[in-house]
Amino acid sequence: MVTVNGDAAGLVVSFGEMLIDFVPTVSGVSLAEAPGFLKAPGGAPANVAIAVARLGGRCAFLGKLGDDEFGRMLAAILRDNGVDDSGVTFDAGARTALAFVTLRADGEREFMFYRNPSADMLLTEAELNLDLIRKAKVFHYGSISLITEPCRSAHLKAMEVAKEAGALLSYDPNLRLPLWPSAAEAREQILSIWDAADIIKVSDVELEFLTDTDSVEDEVAMRLWRPSLKLLLVTLGEKGCKYYTKDFHGSVESFAVKQVDTTGAGDAFVGALLGKFVEDQSALQDEKKLRELLRFSNACGAITTTKKGAIPSLPNVSEAMRLMERP
């Protein structure tokens, strides 16, 4: 087991699901047409944890895996990447979640999930490592853990404990519509915890879904703004991102790269951001600092799209700096 060293300073705790993505060996085919699949560790909160660690930050992952070969393999991947796994529990009666992912010719993805129920859905409040949560300077989560009980109650409890302990709460809804009973339920539940977060990142697609509007203009994004927020981010793929704080807003361009697979790009972006915020939150009030930080986050997201799979393609600092210095 890997545990983080020293005091509570600078620890990011990422909560939620970790699973195995099965990715076709060739791009641009349907699942039925795929000649074979490669197994790739995934799950957005786990990707974020590894993204933080790969950039030199201190991170722990909190969630539940199946007590099976895949679950043990995923825990080992966390440890091998320098992520604290003391918040990971194993379920003897349920399997680790699987997702079959289609890579379309343009690098975008479609999903088919095997979770009925998977171990991550069965995490209970009693299984939460509360000491670990209380050490978090930043507590990050998604919305997939809100879909079913008992994991939903565990998620709400973890947020409450983190907030009470003074952590910065970071939320990336990471919409996966096939997992929800309906679109209406997804929208309602994703927004049900909106007001608790300090930082929220949505993609352009999620913004359009949550506002039910076919636009990513500022006035549409501002419908998701709450006075309780410190930062709202909208990622725009290769177009970069938009940012909104109570004092300023703007956009930061991304970097032109040859896209192979967009899996994990948003997670790399979030990991880069949180790894910096955990040390210095002054960028929330300093626009010049925030823009520089978002440029770095955009670079990390862009690099992740240049290779297949999320975790293998998450960048280190020198790769990100190289892209940022490119003429």
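The structure reproduced in this document is the subject of the present report. The residue numbering used here restarts from 1 in each chain and proceeds along that chain's sequence as written. Whole-chain, interface and lining totals are the exception, using all residues; otherwise, since this is a predicted model, local features are given only for residues with pLDDT of at least 70 and side-chain atom pairs are given and counted only at 80 or more. By convention in this description, side-chain values take in all heavy atoms of the structure and omit both hydrogens and water.

1. Structural notes on the environment of Asp21
Considering the arrangement of structural elements, one finds Asp21 in strand β2 (residues 19–24). Residues Asp21 and Ala97, spaced 76 residues apart in sequence, show a C-alpha to C-alpha distance of 8.8 Å. In this view, Asp21 contacts Leu38, Lys39, Ala40, Gly42, Ala99, Val101 and Thr263; residues no more than four positions away in its chain are not counted. Strands are runs of DSSP state E lasting at least two residues, helices are runs of H or I lasting at least four, and both sets are numbered from the N terminus onward. Note on definitions: a residue-residue contact is assigned when non-hydrogen atoms from the two residues lie within 4.5 Å.

2. Thoughts on the pairing of strand β4 (residues 58–66)
Working definition: with a 1.4 Å probe on protein chains only, accessible area under 20% of the residue-type maximum means buried, over 50% means exposed, and in between means partly exposed. β4 sits mainly inside the fold: eight of its nine residues count as buried. By the convention used here, strands pair only if DSSP detects at least 2 bridges between them. Across five bridges, the pairing between strand β1 (residues 11–15) and β4 is parallel. When the sheet's bridge partners are listed, Val12 is paired in β4 with Cys59. Pairing of β4 with strand β5 (residues 84–91), which is carried by six bridges, proceeds in the parallel orientation. Of the residues in β5, the one forming a bridge with Lys64 is Thr89. A clockwise path from the first strand over the helix to the second, with the strands pointing away from the viewer, defines a right-handed crossover. With helix α2 (residues 69–80) bridging β4 and its parallel neighbour β5, the resulting β-α-β unit is right-handed.

3. Thoughts on the packing of aromatic side chains
In this scheme Phe, Tyr and Trp rings, the latter by its six-membered ring, pair at centre separations within 6.5 Å, and the angle between planes marks the pair as stacked below 30 degrees, edge-to-face above 60, and tilted otherwise. Counted by the stated rule, this structure contains ten aromatic pairs. Look at Phe15 and Phe139: their rings are 6.1 Å apart centre to centre, the planes differ by 40°, and that puts the pair in the tilted class. Of the two residues, Phe15 is situated in strand β1 and Phe139 in strand β8 (residues 138–141); the sequence distance between them amounts to 124 residues. When the ring of Phe22 is compared with that of Phe100, the centres are 5.1 Å apart and the planes differ by 20°; the resulting orientation is stacked. Here Phe22 is found in strand β2, whereas its partner Phe100 is found in strand β6 (residues 98–103), with 78 residues between them in sequence. On the basis of relative accessibility, which here comes to 18%, the residue Phe100 falls in the buried class. The rule for a charge over a ring is simple: NZ of Lys or CZ of Arg within 6 Å of the ring centre, and within 35 degrees of the ring normal. The ring of Phe90 carries the charged tip of Arg72 above its face, separated from the ring centre by 3.7 Å. Seen from the ring of Phe296, Lys276 lies directly overhead, with NZ or CZ sitting 4.7 Å from the centre.

4. Examining helix α1 (residues 44–54)
The element α1 is extensively covered by neighbouring structure, given that ten of its eleven residues are classed as buried. Taken together, the buried positions of α1 are occupied by Ala44, Pro45, Ala46, Asn47, Val48, Ala49, Ile50, Ala51, Val52 and Ala53. Contacts from the buried residues of α1 go to β1, β3 (37–42), β4, α2, β8 and α8 (265–277). The positive-phi residue at the C-terminal boundary of α1 is Gly56, with phi of around 95°.

5. Things to note about the pattern of salt bridges
Should a side-chain nitrogen of Lys or Arg be within 4 Å of a carboxyl oxygen of Asp or Glu, the pair is scored as a salt bridge. A full pass over the atoms with the stated rule returns 13 salt bridges. Between Lys230 and Asp198 there is a salt bridge whose closest N-O contact spans 3.2 Å. Taken as a pair, Lys230 in the loop between α7 (218–221) and β11 (231–235) and Asp198 in the loop between α5 (183–192) and β10 (199–203) lie far apart in primary sequence, 32 residues in all. Between Asp218 and Lys242 there is a salt bridge, with its nearest N and O atoms 3.5 Å apart. With Asp218 in helix α7 and Lys242 in strand β12 (residues 241–244), the pair connects residues that are 24 residues apart, well separated along the chain. Under the relative-accessibility criterion, Lys242 is labelled buried at 13%.

6. Let's talk about the packing of α8 against helix α9 (residues 287–304)
Every axis corresponds to a line fitted to the C-alpha atoms, with the helix fit spanning only the stretch in contact, and the corresponding angles, defined between N-to-C directions, vary from 0 to 180 degrees. Between α8 and α9, the least distance of the axes is 7 Å, while the angle of their chain directions is 145°. In this structure, α8 crosses over α9, and the sense of that crossing is right-handed. Residue-level contacts link Ala265, Ala268, Phe269, Ala272, Leu273, Lys276 and Phe277 of α8 to Leu290, Leu293, Leu294, Phe296, Ser297, Asn298, Cys300, Gly301 and Thr304 of α9. Each residue gets one label: Ala, Val, Leu, Ile, Met, Phe, Trp, Tyr, Cys and Pro are nonpolar, Asp, Glu, Lys and Arg are charged, and the others, such as Gly, are polar. Of the residues that constitute the contact of α8 with α9, the class distribution is eleven nonpolar, four polar and one charged. Crossing handedness: left-handed means the near helix sits turned counterclockwise from the far one by under a right angle, and right-handed means the same turn made clockwise.

7. Structural notes on the sheet that holds β6
The strand order across the open sheet built from four strands is β3-β2-β6-β7, with neighbouring strands paired in mixed fashion. Two strands bound the open sheet, and with one partner strand each, they are β3 and β7 (109–114). The average angle at which neighbouring strand axes cross in this sheet is 30°, direction not considered. Strand direction decides the pairing type here: β6 and β7, joined by six bridges, are antiparallel. From the neighbouring strand, Phe100 faces β7, where its bridge partner is Met112. On top of the sheet, α2 reaches β2, β3 and β6; it is set at about 95° to β2, its chief contact.

It is worth stressing that arrangement in space is one thing and function is another; only the former is reported here.
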